[in-house]
Amino acid sequence: QVQLVESGGGLVQAGGSLRLSCAASGNIFSINTMGWYRQAPGKQRELVATITNGGSTNYADSVKGRFTISRDNAKNTVYLQMNSLRPEDTAVYYCNLRWGIIKPYWGQGTQVTVSS
């Protein structure tokens, strides 16, 4: 059984920063991709950023240059450093872990609210 536990969300003013963390535990295949997705009220869940165990990253255009994803493979933990936050970044942020063709694992979500 795989479990993902997120932390670091909260309320911040526009222009501020937050750092999200997600720790994975359980029977995890070493070659995997971890990432962050977000879902705003009334909208579909969307990709924010992903990172492979080898360090290759992918970002949504809307966060490029502002957000940085990183990971600690020894700790099975992924981070999302969010700078220059905007009100439109307000959403529930979900951690994701996947490998091969299995169904991906999801965290419980952490709320990020950016006030204008």
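Residues numbered from 1 in each chain as written. Predicted model: local features only at pLDDT ≥ 70, side-chain atom pairs only at ≥ 80, totals over all residues. Heavy atoms only, no water.

> Break down unusual backbone geometry for me, with residues and values.
Backbone geometry follows two general trends: most residues other than glycine have a negative phi, and most peptide bonds adopt the trans configuration. Located in the positive-phi region is Asn76, a residue other than glycine, with phi close to 50 degrees. Within the secondary structure, Asn76 sits in the loop between strand S7 (67-72) and strand S8 (77-82). Asn76 sits in the partly exposed class, given a relative accessible area of 25%. With phi around 50 degrees, Ser84 is a residue other than glycine that occupies positive phi space. Of note, Ser84 is situated in the loop between S8 and strand S9 (91-98). (Helix = DSSP H or I, 4+ residues; strand = E, 2+ residues; numbered from the N terminus. Buried < 20%, exposed > 50% of the residue type's maximum accessible area, 1.4 Å probe, protein only.)

> Got a sec to walk through the state of the cysteines? Specific residues and values, please.
Tallied over the entire structure, the rule returns 1 disulfide. Put simply, Cys22 and Cys95 are joined by a disulfide, and their sulfur atoms are 2.1 Å apart. Handedness of the Cys22-Cys95 disulfide follows from its S-S torsion of about -85 degrees: it is left-handed. With a gap of 73 residues between them, Cys22 in strand S3 (residues 18-25) and Cys95 in strand S9 connect regions that are remote in the sequence. Of the two residues, Cys22 and Cys95, both sit in the buried class. (Disulfide = S-S within 2.5 Å.)

> Quick one: what's the story with the sheet that holds S8, residue by residue and with numbers?
Spatially, S1-S3-S8-S7 is the arrangement adopted by the 4 strands of the open sheet, whose pairing is antiparallel. In the strand order of this sheet, the two ends are held by strand S1 (3-7) and S7, each with one partner. Across the sheet, the mean angle separating the axes of adjacent strands is 15 degrees when strand polarity is ignored. Across 5 bridges, S1 lies against S3 in antiparallel orientation. Looking across to S3, one finds that Ser7 is bridged to Ser21. (Pairing = 2+ DSSP bridges. Axes fitted to C-alpha atoms, helices over the stretch in contact; angles between N-to-C directions.)

> If you had to explain the environment of Ser84 to someone new, which residues and values would you point to?
On the basis of relative accessible area, Ser84 is assigned to the partly exposed category, the value being 42%. Between the C-alpha atoms of Ser84 and Gly65, which are 19 residues apart in sequence, the distance is 9.3 Å. Residues in contact with Ser84, not counting those within four places in the same chain, are Gly15, Gly16, Ser17, Arg66 and Asp89. (Contact = heavy atoms within 4.5 Å.)

> Residues and numbers for the side chain of Asn32, please.
Secondary-structure assignment places Asn32 in the loop between S3 and strand S4 (33-39). On the basis of relative accessible area, Asn32 is assigned to the buried category, the value being 3%. A distance of 2.7 Å separates polar atoms of two side chains, one belonging to Asn32 and the other to Arg71. Each residue touching Asn32, except ones within four places of it in the same chain, is listed here: Ile51, Thr52, Asn53, Arg71, Leu97, Arg98 and Trp99. (Polar contact = N/O pair within 3.5 Å; in protein donor to acceptor, adjacent residues only side chain to side chain.)

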